[in-house]
Amino acid sequence: MSTSHTAEHTTPADKSGNRWLILAGGVLVQLAIGAVYAWSTFSKALQADPSAFGLSTVQAAIPFEVAIGMIFVGTFLGGRIQDQRGPRVVALAGVTIYSLGIILASFARETSDLWLLVLGYGVLGGFGLGLAYIVPIAMLQKWFPDKRGLITGVAVGGFGFGAVITSPVAQRIIASSDDFQKYPTKAFLWLGIAYLVFGILGASVFKNPPAGYGVAAAQEKGADATAVKNAPGKDFTQKEALSTPQWYMLTAILTLSVTAGISLISVAADTASDVAGMSAAGAATLVGIMGLFNGAGRIAWAGVSDKIGRMPAFLGILGLQGLALIAIPHASNAVLFYVLAALIYTCYGGAFGTLPSTAGDFFGVKNAGGIYGLMLIGWSIGGIVGPLLIAALIGPEKAYTLGFTVVGLIAVVGAVLPLITKKPKHA
């Protein structure tokens, strides 16, 4: 037994699996499921005059809202199951359910079929997305103990870039013929098939490293002092993690960051037009470009957190995001508006990129799927509260200064949380 343990403990990375191939698979899965954020392209098409649907703004938002709400259900179950059964089976199930949900949505043809969009894109799509989303985040921390922050940032960065790729593709498909403009949902068939193919290709290489790999890999790769400091100690169970105040503080940090960032994301086009005087086309271009900063922020902030520490990174994420939100209603020219919006989107993505490795630092990586999966309730809470709060504050009077000042101050005050959040003493 001792010999076996030693062999596992010193297994080199190149003999236990190609971790870079597994990373590539993780990014591929995240790109496929991240396409869910391309919904605005379909929402606009479903409300346009050529469409057979003629949905209202509220009706067109329902499938996406349901999808976001279902994500947490998927991450909760997916995190627990992959900790017990391994990553591949959960990821394969997730991308299959997600893709079949998108394909199902392609059969909707008129307003009375809204339920089919809600069931396919919303319920099945959101649930499958959650199942698949949590898997590479938990798995890759085990494969890259020497750079957990950067690597999980790269993985969830793929999620951020998914919509950047899918939106123009979907727009081109819809604009390609009168038939697609009348029935824009037909594009879901081809997109769903593509998600299924690429998602299965990515998930098929998933596996956990052998026992002891984490320590060996970190030693062989020469982890720097910060990485060693960030290294997790005890592997908490989900129940043990939930009994600590740190779990709730980290979830609150994510909730605040999502609430702050999505407040701008939800009204970005209108704000760009009303505050900076951009045309409708210019505002739409800004929204597309900002998606790049959302994805890049997940990678950049996660990498920075490996160097400066997780809590200093979150201090920067919340503080900079808050100050930029306070300033953006006063950005009367396009250049300044672009700079401030890019900063907000980068910080918004940064929280998603940095929190998975933070949870691993605090609670260990053995049960990371279940523990971090539960933290994503902050995504659902912030995703609902942020848009509702900013819409109520701005109101028909278009009180952008009031709205963004209030949300910005919430983020700035919330920056106190990283200052008082420490690792559990017995971690």
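Residues numbered from 1 in each chain as written. Predicted model: local features only at pLDDT ≥ 70, side-chain atom pairs only at ≥ 80, totals over all residues. Heavy atoms only, no water.

Attention shifts here to the packing of aromatic side chains. Under the counting rule described, the total for this entry stands at 17 aromatic pairs. Here tyrosine 133 and phenylalanine 159 contribute two aromatic rings whose centre-to-centre distance is 5.1 Å and whose plane-to-plane angle is 80°, an arrangement assigned as edge-to-face. Remark: phenylalanine 159 occurs in helix H8 (residues 148-175) and tyrosine 133 occurs in helix H7 (residues 114-143); sequence separation between them is 26 residues. Neither residue differs from the other here; tyrosine 133 and phenylalanine 159 are each classed as buried. Relative to phenylalanine 363, the ring of phenylalanine 236 has its centre 5.3 Å away and its plane inclined at 85°; by these criteria the two rings are edge-to-face. With a gap of 127 residues between them, phenylalanine 236 in the loop between helix H12 (225-230) and helix H13 (238-242) and phenylalanine 363 in helix H18 (residues 334-363) connect regions that are remote in the sequence. Members of the aromatic cluster, connected to one another through ring pairs, are Tyr133, Phe159, Tyr348, Phe352 and Trp379. Above the face of the tyrosine 183 ring, arginine 109 is positioned so that its terminal group lies 5.7 Å from the ring centre. (Phe/Tyr/Trp six-rings, centres within 6.5 Å; stacked < 30°, edge-to-face > 60°. Helix = DSSP H or I, 4+ residues; strand = E, 2+ residues; numbered from the N terminus. Buried < 20%, exposed > 50% of the residue type's maximum accessible area, 1.4 Å probe, protein only. Lys NZ or Arg CZ within 6 Å of the ring centre and 35° of its normal.)

Before going further, it helps to examine the confidence of the model for the protein. Model confidence for the protein is summarised by a mean pLDDT of 86, while 91% of its residues fall at 70 or above. Of all secondary-structure elements in the protein, the lowest mean pLDDT belongs to helix H1 (residues 2-9), at 36, while helix H17 (residues 310-327) reaches the highest, 97. Note on residues 215-225: pLDDT is under 50 here. Beyond four places in sequence and across chains, it has 18 contacts. (pLDDT = per-residue confidence, 0-100. Contact = heavy atoms within 4.5 Å.)

A few words on the pattern of salt bridges. Enumeration according to the criterion identifies four salt bridges in this entry. Salt-bridge contacts for aspartate 179 lead to lysine 186; the nearest nitrogen and oxygen are separated by 2.6 Å. Here aspartate 361 ties to arginine 310 by a salt bridge, and the two come within 2.5 Å at their closest N and O atoms. With aspartate 361 in helix H18 and arginine 310 in helix H17, this pair connects stretches of sequence that are 51 residues apart. Of the residues examined, arginine 310 reaches a relative accessible area of 4% and is grouped as buried. Each of Asp306, Arg310 and Asp361 takes part in salt bridges that share partners, so that together they form one network. (Salt bridge = Lys/Arg side-chain N within 4 Å of Asp/Glu carboxyl O.)

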